[in-house]
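Understanding the architecture of this molecule
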Amino acid sequence: MKGEIPDRIKKEIEELVKELNYHCYRYYVLDSPVISDEEYDRLFRRLKELEEKYNYILPDSPTRRVGAPPLDKFEKVKHNEPMLSLDNAFNAKELMEFDRRIKRHLKTSREIQYTVEPKYDGLAIELTYEQGILVRASTRGDGYVGEDVTQNIKTIKSIPLRIEGTRRVPELIDIRGEVYMYIEDFEALNREREKEGESLFANPRNAAAGSVRQLDPSVTASRKLHLSCYGIGALKGMEFKSQWEFIQWLKEARFPVPYIVRLVTGIDEVIKAVKELEEKRNSLPFEADGAVVKVNDFSLQRALGVKTREPRWAIAYKFAAHQGTTVIKEILPSVGRTGVITPVAILEPVRIGGVTVSRSTLHNWDEIKRKDIRVGDTVVVERAGDVIPHVIMVIKDKRTGKEKVFPIPEKCPVCGAKVVRPEGEVAVRCVGLNCPAQAVERIKHFVSKGAMDIEGLGQKNVELLYSEGRIKHFTDLYRLKKEDILSLPRFAEKSAQNLIDAINRSKKTTLSRFLYALGILHVGEFTAKLLAKRFKKLEDLYNVSPEEILQIPQIGEKIATSVSQFFSDPENIKAIEELKSLGLKVENPDYEEGKEKRHRPLEGLTFVITGTLPEPRKEVEAKIEALGGHASSSVSRKTDYLVVGENPGSKLKKAQTLGVKTIDYNELVRMMEGE
Ligand code: IVH
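Residues numbered from 1 in each chain as written. Predicted model: local features only at pLDDT ≥ 70, side-chain atom pairs only at ≥ 80, totals over all residues. Heavy atoms only, no water.

On to the overall build of the protein. A tally of helices and strands in the protein yields 23 helices and 28 strands. C-alpha atoms of the protein, sized along the principal axes, occupy 105 × 60 × 60 Å. Among the 675 residues that make up the protein, the fraction classed as buried is 49%. Considering only intrachain contacts with a sequence separation of at least 6, the fraction spanning at least 24 residues in the protein is 68%. When the accessible area of the protein is evaluated, it comes to approximately 34000 Å², of which 49% is carbon and sulfur surface. Treating the 110 positive side-chain charges of the protein as one cloud and the 103 negative ones as another, the clouds have centres 2 Å apart. (Helix = DSSP H or I, 4+ residues; strand = E, 2+ residues; numbered from the N terminus. Buried < 20%, exposed > 50% of the residue type's maximum accessible area, 1.4 Å probe, protein only. Contact = heavy atoms within 4.5 Å. Areas by Shrake-Rupley, 256 points an atom, 1.4 Å probe, with all protein chains shown as cover. Lys, Arg positive; Asp, Glu negative; His and termini not counted. Charge placed at Lys NZ, Arg CZ, Asp CG, Glu CD.)

In structure tokens, the structure reads:
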């Protein structure tokens, strides 16, 4: 029938394909569409109508992305050039060794130029273009032979079906990249699967791989997949001089490339670039498990060649892993200094990013219920930076039926007192006034770093001093004599003297530290600083009324009441006076006499919050406003900072697109404190 198709129809079809592909690129690669969705749909329908009527379908027609029938199995594909893997480096020293090896091999002492790219944690894919048309997409497989996933890959809209946007189109090119999923989309997918009673994906990489390796392309099409291109296989009819030039060409040819590619000289700059990427890692909307360092110059790459399965010219610097899988051996209720009982999971020890993790907080019973965590469950545990590890999810497929639900205890596991759950709170509390667990925890808090900072008095030693009856309250610390400590296991002459010296040193402190050390309910370091700015002396707080405290703009009812109650309790005043008689000296360098009392370090700045912060979002927003800032709910060019919490949402991506600065909660607190 082709002969009968009028030229103007052919031309219209060709133009429609070109135009639609361009809009696909604007939308999916640049994230900056120039036409409305309705207009796109209108053009798409018109193309489909013409294609059906004249049976004239171009190989790069966007209508070809969907509608392929399910397969029985994947065909095998032999790669034109093997898809290699990468050697790993886990620290700066190993990167330096990599650089030395390269220089030795090239017999040069000149500094080498490298590219540094994020290592996307997904599924490696090869796209083969012949005369500019995508003819095949395959998985890596064993590196030599992979699986043909062309129909599935075509459903990913950011992948060009034809190389356009450049005059330089090779006869043949294999483009390699990583298919990945945004964390947010992975979580939404898992939520949906949970509702449907389907098994969950353990992480975004498995979700991406599972979505590509689907016999039914319509399933792949329903998943939100992305691609990042970074490598080259066979190439005919064209040449690139370097990785940098290749990346520039990819961009011109409308391929999605890593969100950042750095070109640097010398290994010191590589190390700097790699560290910078690692710092950004937690604020990215996708998982990056490392950085890939490549010799930039292709002629040097060729000279270096390949050792068995890995090229000598590239290395993957692995970031500290932050997830692992293990089993919950038991759950223990742990009592904190304010009586809050927290369930703690005791884990089969697992190494995550070089650290052995054997316990993890489960936060509270609502969380246990929501995640349906049981004793005996196999779970995914995450450790991010210095943060306490937490259980992400249960792998329900691994259940045997022997797992046990862990109920809220009826009595305090330490003192046996009643347990209450105040209305509207998730916390479960022990009401025992003399609960030893609370007493020990209060002492631990008192001596901790941000508080009295008594060096050498860690958690274990506090427990020891308490269980051996040397201290019952933090005031007893200042009555300790060397002999009291010397008789304890683990202490000798020198260590006992060191501890006494450290205790004596801590007697001189600041008001904000001391207020924090007292462990007043709801008074963290930030609030303690605010109080110290307003009140000149410790004694000015004795019998303070809630109204006086409420004059501090950043402090609300709950905190004011708690502080006032604390300082109107004669027992507490007695303890403070005792400390003073034992030599405590509290100074107040934070006091702002005569100065404008209103402290507005965030004046004129607009903040947006995404994800979960350690404090309720409403309270953080109120603090921002009280300190002169503005808290908004959506990101725009006017946003100064995006505060990124746990499990950030789409605002993060938007902020990155607009170049809005992102900060974490700790950074925000520092700004609030005017640092
Ligand atoms: S280059 C011969 N660059 O990491 C070098 N790989 O552990 C081939 N990956 O199989 C790989 N991001 O699946 C390269 N920017 C990047 C990458 C990257 C992710 C994956 C890829 C590779 C694996 C090696």
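Glancing now at the sheet that holds strand E25 (residues 606-610). Here four strands make up an open sheet; going across it, the order is E26-E25-E27-E28 and the pairing parallel. Each having just a single partner strand, strand E26 (630-632) and strand E28 (661-664) make up the two edges of the open sheet. Sheet twist, expressed as the average angle between the axes of neighbouring strands with direction ignored, equals 35°. As judged from the three bridges shared by E25 and E26, these two strands associate in the parallel manner. Of the residues in E26, the one forming a bridge with valine 608 is serine 632. Packing against the sheet, helix H23 (residues 665-672) makes contact with E25, strand E27 (641-644) and E28, and its axis sits at approximately 90° to E28. (Pairing = 2+ DSSP bridges. Axes fitted to C-alpha atoms, helices over the stretch in contact; angles between N-to-C directions.)

Before going further, it helps to examine the nonpolar core. Core analysis: the largest hydrophobic core is formed by 72 residues, its most contacted members being Phe446, Ile454, Leu477, Val563 and Phe567. Non-local contacts of valine 563, meaning those with residues more than four positions away in its chain, are made with Ile520, Val523, Leu531, Leu541, Val544 and Ile549. One finds Tyr129, Ile153, Ala207 and Leu227 within the second-largest nonpolar core, a separate group that totals 37 residues. (Core = buried A, V, L, I, M, F, W, Y, C linked by side-chain atoms within 4.5 Å.)

All right, on to the sheet that holds strand E7 (residues 172-180) then. Taken in spatial order, the four strands make up an open sheet running E5-E4-E7-E8, and their pairing is antiparallel. Two strands lie at the open edges of the sheet, namely strand E5 (133-139) and strand E8 (226-236), each paired on one side alone. Ignoring which end each strand starts from, the neighbouring axes of this sheet average 25° apart. With eight bridges connecting them, E7 and E8 associate as antiparallel partners. Following the sheet pairing, isoleucine 175 is matched in E8 by isoleucine 232. Of the strands in this sheet, E7 and E8 touch helix H8 (residues 243-252), which is tilted by about 115° from E8.

Turning our attention to the pairing of strand E15 (residues 341-352). Across the twelve residues of E15, nine count as buried, placing the element largely inside the fold. Bridge count for strand E14 (residues 323-335) against E15 is seven bridges, and the pairing is antiparallel. Along E15, the bridge assignment pairs proline 333 with proline 343. Between E14 and E15, which pair antiparallel and follow one another directly, the connecting turn spans five residues, one of which, glycine 339, has a positive phi of 90°.

Around the ligand, the structure places Leu84, Leu86, Glu117, Pro118, Lys119, Tyr120, Ala124, Glu178, Tyr230, Val292, Lys294 and Pro311. One nitrogen or oxygen atom from the main chain of tyrosine 120 is found 3.1 Å from a nitrogen atom belonging to the ligand. With respect to the ligand, the side chain of lysine 294 contributes an N or O atom lying 3.1 Å from a nitrogen atom. Coverage of the ligand by the protein amounts to 86% of the 520 Å² it exposes when considered alone. Mapped by element, the contributors of at least two residues to the shell around the ligand are strand E3 (113-120) and strand E10 (288-295). For the shell around the ligand, the leading source of residues is E3, giving four residues. For the shell around the ligand, a count of residues per class yields eight nonpolar, no polar and four charged. (Near = heavy atom within 4 Å. Polar contact = N/O pair within 3.5 Å; in protein donor to acceptor, adjacent residues only side chain to side chain. Nonpolar A, V, L, I, M, F, W, Y, C, P; charged D, E, K, R; others polar.)

Time to look at the packing of aromatic side chains. All chains considered together, the criterion is met by 21 aromatic pairs. A ring pair is formed by phenylalanine 98 and tyrosine 114, whose centres lie 5.9 Å apart and whose planes are at 40°; its orientation type is tilted. Note that phenylalanine 98 is positioned in helix H3 (residues 92-106) and tyrosine 114 in strand E3, a separation of 16 residues in sequence. Here phenylalanine 98 and tyrosine 114 have matching classes, each one buried. Residues phenylalanine 446 and phenylalanine 474 carry aromatic rings whose centres are separated by 4.2 Å and whose planes lie at 5° to one another, so their mutual orientation is stacked. Of this pair, phenylalanine 446 sits in helix H12 (residues 436-447) while phenylalanine 474 sits in the loop between helix H13 (459-467) and helix H14 (482-486); the two residues are 28 residues apart in sequence, bridging distant segments of the chain. Aromatic ring contacts, followed pair by pair, group Tyr120, Tyr180, Tyr182, Tyr259 and Phe286 into a single cluster. (Phe/Tyr/Trp six-rings, centres within 6.5 Å; stacked < 30°, edge-to-face > 60°.)

For the rest of this paragraph, the subject is the pairing of strand E4 (residues 123-130). In terms of burial, E4 is largely enclosed, as seven of its eight residues are buried. With eight bridges joining them, E4 and E7 adopt antiparallel strand pairing. By the bridge assignment for E7, threonine 128 is matched with aspartate 174. Here six bridges tie E4 to E5, and the two strands are oriented antiparallel to one another.

A few words on H23. The periodicity of an α-helix, 3.6 residues per turn, causes residues three or four positions apart to be oriented the same way. For H23, every residue scored as buried is listed here: Tyr665, Leu668, Val669, Met671 and Met672. One side of H23 carries all its buried residues, which in axial view fall inside an arc of 160°. Packing partners of the buried residues in H23 comprise helix H17 (525-534), E25, helix H21 (617-626), E27 and E28. Following H23 by one or two positions, glycine 674 adopts a phi angle in the positive range, close to 75°. (Arc of directions from axis to C-beta.)

Taken as a whole, this structure holds zero disulfides when the rule is applied. In this structure cysteine 24 is not part of a disulfide, and its nearest cysteine sulfur, from cysteine 229, lies 15 Å away. (Disulfide = S-S within 2.5 Å.)

Time to look at the packing of helix H1 (residues 7-28) against helix H2 (residues 37-54). Between H1 and H2, whose axes approach to 10 Å, the crossing angle comes to 145°. Crossing hand, H1 versus H2: left-handed. For the pair H1 and H2, contact is made by Ile9, Glu12, Ile13, Leu16, Val17, Glu19, Leu20, His23, Cys24 and Tyr27 and by Asp37, Tyr40, Leu43, Phe44, Arg46, Leu47, Leu50, Glu51 and Tyr54, respectively. Along the lines of polarity and charge, the residues of the contact of H1 with H2 split into 13 nonpolar, one polar and five charged. (Left-handed = near helix turned anticlockwise from the far one by under 90°.)

Moving on to the environment of serine 568. Inspection of the secondary structure puts serine 568 in the loop between helix H19 (557-567) and helix H20 (570-581). A C-alpha to C-alpha distance of 27 Å links serine 568 and cysteine 415, two positions 153 residues apart in sequence. Polar side-chain contacts of serine 568 include one of 3.1 Å to the backbone oxygen of glutamine 565.

Assignment of secondary structure puts alanine 253 in the loop between H8 and strand E9 (262-265). Relative accessible area serves as the criterion here: at 0%, alanine 253 is assigned to the buried category. Linking alanine 253 and asparagine 206, residues 47 residues apart in sequence, is a C-alpha distance of 29 Å. With sequence-adjacent residues up to four places away left out, alanine 253 is seen in contact with Pro160, Ile163, Glu164 and Thr166.

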